[in-house]
Amino acid sequence: MKRSVARSYSNGRRRSRWGYHKVEGSVSIFLIMVLAFVFLFATVLIDYARIAAMHVQGERLARAGARSVMSAYDKELRENYGLFAFGDSDGNQLLSRVLNDNLHKSGREDGFNLLTLGLESSSLDFSRSLGSYDVFHRQINEEMKYKAPIDFALELAGKFKPLSAAMGEASQATKVLSKLQPLYDAREEALDLMLERRRQAAESGESLLQLIMNPPQDSIVPSSLGNVTSAADIAAQYNDYIGKYYADMYRDSKKRPQYTNELASYLRQSAEIRSRIPTTFLTFRTDHERLIEEAQNALKKAQELNEEMEAVLEQSRSNGVGSGQGQTANWDIPGSSDGMSTDILVKLREQEDSLILSSADFGSMENNLSTQGQAYLAIVPLLNGLLNVLTQASGINGDNSQLFAAVLGTSHIIDTYLQNYGVQGAILASEIAQIEEHRSSDKERKQTEREAKSKLGDAMKMLDKIKALKDQAGESLERYETLNQYYEDSISFNEGLESETSQAAQAATDPYVAGSSAMSSMDGIYAAMGSIMEGARDKLFQTEYSALYFQHFDVTKLAALTLDAEGTAAQQLVDQLDPQAQELEYILYGFHNPVGNVAAAYGEIFGMRLAIRTMEGFIEKAALGNPLAVLAAALLYGIEQAVQDMLLLCEKDAVPLSKYMPAQLSYRDHLRLFMMLHGSGESQLSRMLALIRLNTGINPAEKSTYVAANINLGMRLWFLPGVIKLLNYGGGSSGDVQGKVYYRAVKADFSY
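Anyway, here's the lowdown on the structure attached to this text. Just so we're clear, the structure is a prediction, and the values are computed from it rather than from any experiment.

Description of the overall build of the protein
Counting its secondary structure elements, the protein contains 27 helices and eight strands. By residue count, 47% of the 752 residues in the protein fall in the buried class. Look at the contacts in the protein between residues 6 or more apart in sequence, and 82% of them connect residues 24 or more apart. Here the protein has roughly 37300 Å² of accessible surface; of this, 50% comes from carbon and sulfur atoms.

Structural notes on helix H4 (residues 91–103)
In this model, H4 (13 residues) spans 18 Å end to end at C-alpha, consistent with the 18 Å of a helix rising 1.5 Å per residue. Along H4, the positions that sit buried rather than exposed are Gly 91, Leu 94, Leu 95, Val 98, Leu 99 and Leu 103. Buried residues along H4 cover an arc of 155 degrees about the axis, so they all sit on one side.

Regarding the environment of Ala 66
Checked against the element boundaries, Ala 66 lands in helix H2 (residues 26–70). On the basis of relative accessible area, Ala 66 is assigned to the buried category, the value being 1%. Not counting residues up to four positions away in its chain, the partners in contact with Ala 66 are Leu 95, Val 707, Ala 709, Ala 748 and Phe 750.

Notes on the pairing of strand E5 (residues 661–666)
With four bridges connecting them, strand E4 (residues 654–658) and E5 associate as antiparallel partners. Within E5, the position partnered with Ala 654 by the bridge is Ser 666. Hairpin connection from E4 to E5: two residues lie between these consecutive antiparallel strands.

Quick notes on the sheet that holds strand E7 (residues 736–738)
In spatial order, the strands read E3-E6-E8-E7; together these four strands make up an open sheet with antiparallel pairing. Two strands in the sheet have a free side with no partner beyond their single neighbour: strand E3 (117–129) and E7. Averaged over all pairs of adjacent strands, the angle between their axes in this sheet comes to 25 degrees, without regard to strand direction. In terms of strand pairing, strand E6 (residues 704–716) meets strand E8 (residues 741–751) through eleven bridges, oriented antiparallel. Across the sheet, Ala 708 pairs through a bridge with Asp 749, a residue of E8. Packing of H4 onto the sheet brings it into contact with E3 and E6, and relative to E3 it is tilted by some 145 degrees. Lying on the sheet, helix H5 (residues 133–144) is in contact with E3, E6 and E8; it crosses E6 at an angle near 95 degrees.

Brief notes about the nonpolar core
Counting 117 residues, the largest nonpolar core has Phe 136, Tyr 545, Leu 558 and Phe 618 as its most contacted members. Here this core gets 14 residues from one element, more than from any other, and that element is helix H23 (residues 596–620). Excluding its chain neighbours within four sequence positions, the residues that come into contact with Tyr 545 are Tyr 81, Leu 83, Phe 136, Ile 140, Glu 143, Met 144, Phe 550 and Met 688. Counting 42 residues, the second-largest nonpolar core is a separate cluster that includes Ala 236, Tyr 266, Ile 273 and Ala 406.

Some details on unusual backbone geometry
Pro 215 follows Asn 214 through a cis peptide bond whose omega is -5 degrees. Of note, Pro 215 is situated in the loop between helix H8 (206–212) and helix H9 (231–249). Phi at Arg 128 takes a positive value of approximately 55 degrees, unusual for a residue other than glycine. Within the secondary structure, Arg 128 sits in strand E3. Residue classification places Arg 128 among the partly exposed positions, given a relative accessible area of 44%. At Gln 424, a residue that is not glycine, the phi angle is positive and equals roughly 60 degrees. Mapping Gln 424 onto the fold places it in the loop between helix H15 (400–421) and helix H16 (426–436).

Criteria and thresholds
Residues numbered from 1 in each chain as written. Predicted model: local features only at pLDDT ≥ 70, side-chain atom pairs only at ≥ 80, totals over all residues. Heavy atoms only, no water. Helix = DSSP H or I, 4+ residues; strand = E, 2+ residues; numbered from the N terminus. Buried < 20%, exposed > 50% of the residue type's maximum accessible area, 1.4 Å probe, protein only. Contact = heavy atoms within 4.5 Å. Areas by Shrake-Rupley, 256 points an atom, 1.4 Å probe, with all protein chains shown as cover. Expected span 1.5 Å × (residues − 1). Arc of directions from axis to C-beta. Pairing = 2+ DSSP bridges. Axes fitted to C-alpha atoms, helices over the stretch in contact; angles between N-to-C directions. Core = buried A, V, L, I, M, F, W, Y, C linked by side-chain atoms within 4.5 Å.

Purely geometric numbers; function is a separate question.
And the structure:
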């Protein structure tokens, strides 16, 4: 049976229920079907592999093209300002050249090119103008991020760190004492007014005393009838009046009255005196009450001012040392020296309490004022009694002894009141002496203040000379007008920032105001340095970038101006009035005129020197004791030394930081500090952009720093483009099939 089956298969026949049929070729058809499927898969896979390679190659080409295009940066901006922006080349031409070079086919005939790419189109989209604040600021940060922190720490922060504690104490002392000084003077003026009104109140009784007895005496000598000018004259002539009255009354009837005129004159004059006394007393009482009330108000004002002084002291001590100076302990600066001792300054601040009057002092003054009021009130009953006695003396029934006693008693009490509280009054003089005890240094202090004010006025004359240079500006004015237009264009381009009008720093003529302002500026500088040392780097980068790439004024040219007696030095400074000669000052202050920026820089440097030298003055003049006297002397010392510093700066372009810290600070270093203090805003960015445009003729707003390269590539498909197109409908590829060609758009971005 097995042999018959094998034989039947070997003969290519197969038996079934219907008979036999042939089976040759069935395997080949099956293999063909399998191979067709495999071939279909392989061809699709090959084209997809080519498409994937095309994607990679296209992206590489696009990135290479974008980089190549942006390699054509503006060399002038790069070399002069460290900025990158696309130059004046034709970007599309550069892109086409790069793409064509990369797509160029090899000339070898035996070569096999797996990717036959063709460039259909290419384009560039430029954006992100260099004139934009964000872009410009980012490029500044990139340029300065490595060298700026090192330069700042070693060149500036390291020099100022040792002075920080002393400057902090000096700043607090200057500001609090400058606030106390006007309060102190106002309080003392109020006390003087109080004493003066009390004296005037007592002196207002002088007319009444003269009407009662002039001059006051311990006794009244009887006299004959005559002129009656006071109540004492009435009493002195009363006995004579009685005698002559009776003499006429009991005369011989045949004789005429002998004393009629004299008696009438006595009565008339006595009546006049009696009528004037109440009126004079009323005036005395009115003036006295008014003046005493004014004295009370003055004392109350003095007490209120004293309380304000206490509040100022309390607030200053609760605030402590300025935050900027307090942060310096955390500054990690290699090689920085140890800080200065602040013991003298601390002791000076401890003496500030001596300027405050205690409540016991004011209580004593109130008691003294009340005592004077009681002394005045004691006059009233005696005066009323005198008026009653004088009224009785208008007739013949008066008591002469009672009249004498009333006149002497009243005149004595008024005279005593005047002796105690009037001009050179003993009690008032004693009270004045008590008040003068805490004014031991006031006269010397006020003299020092006058000297300091005079010296400060002399120092400000140099600013007037600088401002007078405007008359020599000439062509520079036109360039400043152009610069101003560029500045306005930059602001308009960025939108949202209103044009800032620079305000000229007002030269203070009051030493206390100048000293406080200078110390506040130093506090701000330390605070700015502290924020930078703690990581706030944007301000630092912008500051250091400005100082590195922009020209500053040649301050040594001012040396001739300081010594110029004939007025010829101005001609030598004409070249320094051009904006290109004072770029850094313009960026910092923003005045669109040839002298405003230099004058502002000079004034601010003087303020900084004044602050440092005043700190030295506190140490040098601490032996004066009285805090306000020490402050006045320190300010005078600071002004004198600051003037010398400015002369030295104009001569050598550098000054020692301090008498106790000989590290040198150049004119440029001072400007760098001021840039940190108030020079990192958007207005400063616009000024830099305006200067770049003025110096190069290149408008940063028209220069791009970002490009998007768009290219369209095509590749001929080898197999079954319809299948590829069908698969694309399902999201299998991001390209497009047209006919037998696969197209794909590629985009690459590049930014400086």
